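Given next are the chains, with one letter for each unit.
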Amino acid sequence: MSMRRGDDTLTMHTREPMQQQASPGTPTIAQSDALKLIAVLTMTIDHIGAILLPNVTVLRMVGRIAFPLFAYQLAVGYVHTRNVRSYALRLALWGLVSQPVYMLAFGMRPWTLNIFATLLLGLAAIWGWDHGNWWAVGGSLALAAVQLLFPGVGPDYGVYGVLLCLLSYVFLSSASSVAAAHAVLHVLAGILLWPAQAFALLSVPLILHPPHLRVPHVPVLFYAYYPAHLLLLAGIHRLLVH
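Colleague: Could you give me a rundown of the overall build of the protein chain, with the residues and numbers involved?
Modeller: Helices and strands together make up the secondary structure of the protein chain, namely 10 helices and four strands. Starting at the N terminus and ending at the C terminus, the protein chain contains elements arranged as β-α-α-α-β-α-β-α-α-β-α-α-α-α. When the 242 residues of the protein chain are sorted by exposure, 50% land in the buried category. The long-range fraction of contacts in the protein chain, counting pairs at least 24 apart against all pairs at least 6 apart in sequence, stands at 76%.

Colleague: Help me get a handle on the layout of surface pockets, residues and values and all.
Modeller: Volume-wise, the largest pocket comes out at about 580 Å³. Around the largest pocket, the lining is made up of 28 residues, and of these Arg64, Tyr102, Asp156, Tyr157 and Trp194 lie nearest the centre. Sorting the residues of the lining of the largest pocket by element identifies α1 (29–51), α3 (66–80), α4 (84–106), α6 (134–149) and α7 (158–170) as the ones contributing at least two each. Along the lines of polarity and charge, the residues of the lining of the largest pocket split into 18 nonpolar, six polar and four charged. The space that makes up the second largest pocket amounts to roughly 150 Å³.

Colleague: Can you tell me about the nonpolar core, naming the residues and giving the values?
Modeller: The biggest cluster of nonpolar side chains holds 61 residues, and the ones touching the most others in it are Phe67, Leu69, Tyr72, Leu74, Leu91, Leu123 and Ile126. Top element by residues in this core is α3. It accounts for 11 residues.

Colleague: Lay out the packing of α6 against α7 with the relevant residues and their values.
Modeller: Their axes nearest at 6 Å, the elements α6 and α7 cross at an angle of 150°. Judged by the angle between their axes, α6 and α7 are roughly antiparallel. Counting all contacts with α6, which are made through Val137, Ser140, Leu141, Ala144, Ala145, Gln147 and Leu148, the residues of α7 involved are Gly158, Val159, Val162, Leu163 and Leu166. Looking at the contact of α6 with α7, its residues break down into nine nonpolar, three polar and no charged.

Colleague: How would you sum up the pattern of salt bridges? Please name residues and give values.
Modeller: Summed over all chains, the structure comprises three salt bridges. Lys36 is the salt-bridge partner of Asp33, the closest N and O atoms lying 3.2 Å from each other. Residue Asp33 and its partner Lys36 are located together in helix α1, separated by three residues, close to a single helical turn. A single burial state applies to Asp33 and to Lys36, both of which are buried. Bridged by salt links that share partners, the residues Asp46, Arg60 and Arg64 form one connected network.

Colleague: Hey, could you go over the confidence of the model for the protein chain for me, with residue numbers and the actual values?
Modeller: In this model, the protein chain carries a mean pLDDT of 89, and residues with pLDDT of at least 70 account for 89%. A low-confidence stretch, residues 1–19 (pLDDT under 50), is modelled with 84 contacts involving residues beyond four sequence positions or located in other chains.

Colleague: Requested: an account of the packing of aromatic side chains, with residues and values cited.
Modeller: Applying the stated criterion across every chain, the model contains 10 aromatic pairs. Between Tyr78 and Tyr169 the ring centres are 5.3 Å apart and the planes differ by 85°, which places this aromatic pair in the edge-to-face class. Of the two residues, Tyr78 is situated in helix α3 and Tyr169 in helix α7; the sequence distance between them amounts to 91 residues. On the accessibility criterion, Tyr78 (0% relative accessible area) is buried. Using a relative accessible area of 2% as the deciding quantity, one classes Tyr169 as buried. Pairing Trp94 with Tyr223 gives two aromatic rings, centres 6.3 Å apart and planes at 20°, and the pair type is stacked. Of this pair, Trp94 sits in helix α4 while Tyr223 is found in helix α10 (residues 219–241), placing the two residues 129 residues apart along the sequence. For Trp94, a relative accessible area of 22% corresponds to the partly exposed category.

Colleague: Talk me through a nonpolar patch on the surface; I want residue IDs and the actual numbers.
Modeller: A cluster of nonpolar side chains, namely Leu148, Leu149, Phe150, Val184, Val187, Leu188, Ile191, Leu192, Leu193, Trp194 and Leu201, defines an oily patch on the protein surface of about 1100 Å² accessible area. Secondary-structure elements contributing two or more residues to the nonpolar patch are α6 and α8 (175–192). The greatest single-element share of the nonpolar patch, amounting to five residues, is contributed by α8. Locating Leu149 in the fold gives a position in helix α6. Relative accessible area serves as the criterion here: at 69%, Leu149 is assigned to the exposed category.

Calculation rules
Residues numbered from 1 in each chain as written. Predicted model: local features only at pLDDT ≥ 70, side-chain atom pairs only at ≥ 80, totals over all residues. Heavy atoms only, no water. Helix = DSSP H or I, 4+ residues; strand = E, 2+ residues; numbered from the N terminus. Buried < 20%, exposed > 50% of the residue type's maximum accessible area, 1.4 Å probe, protein only. Contact = heavy atoms within 4.5 Å. 1 Å grid on protein atoms, 1.4 Å probe; cavity = no way out; pocket = protein on both sides within 12 Å on 5 of 7 lines; lining within 4 Å. Points joined across faces, edges and corners; volume = space filled by probe spheres on them. Nonpolar A, V, L, I, M, F, W, Y, C, P; charged D, E, K, R; others polar. Core = buried A, V, L, I, M, F, W, Y, C linked by side-chain atoms within 4.5 Å. Axes fitted to C-alpha atoms, helices over the stretch in contact; angles between N-to-C directions. Parallel < 35°, antiparallel > 145°, perpendicular 65-115°, else oblique. Salt bridge = Lys/Arg side-chain N within 4 Å of Asp/Glu carboxyl O. pLDDT = per-residue confidence, 0-100. Phe/Tyr/Trp six-rings, centres within 6.5 Å; stacked < 30°, edge-to-face > 60°. Patch = residues over 30% accessible without salt bridge, like charges linked within 9 Å, V, L, I, M, F, W, Y side chains within 5 Å. Areas by Shrake-Rupley, 256 points an atom, 1.4 Å probe, with all protein chains shown as cover.

And the structure:
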């Protein structure tokens, strides 16, 4: 989820041609880390609502902020990385580590995949777009869209989530364009898929005006936090139930 800038961060091979250059509309490293922190906090609020307080719907509403920010930061990370293959492997490994905990926390079946699978497909779609590999773009979207035919099969957020990642990259040179693309997808998701997803519109102002916060740049913590906090919440739930 956190996208490092440097030699050990994302490219399905070393880049040539260079990925889209960072533009004035792209968040700075400090702004990106601040957005990731907000995404982590709102994700935690969402999961507290889902696992411990399912009747407190406002927690789920606030939680809709999280994934759009993660999708946006995936696109930002792709621009700054030098090794997409390493980045993809990292997402895949953390996805495998997180899957048993995800299933435990939410009572999911093995064929319902966690957020790392969504980000991995989003990364593949971005890479395909960047390199004119339309099989990669179409294949990623098709795999995510399986959920439309077979609910509960495939990655969290389905094709909506992968499209958020891809459009974040396509319009990355302009924060206002990214925000507009996100807003359209949130509204469509709210109408066609899950009504509550319309509350993801709350993330749009953060994309337009990313905060300036001092956040330690420790990318591995963003990855590790996902399974760790789910395990903690699942443990608390088990204690409360039993």
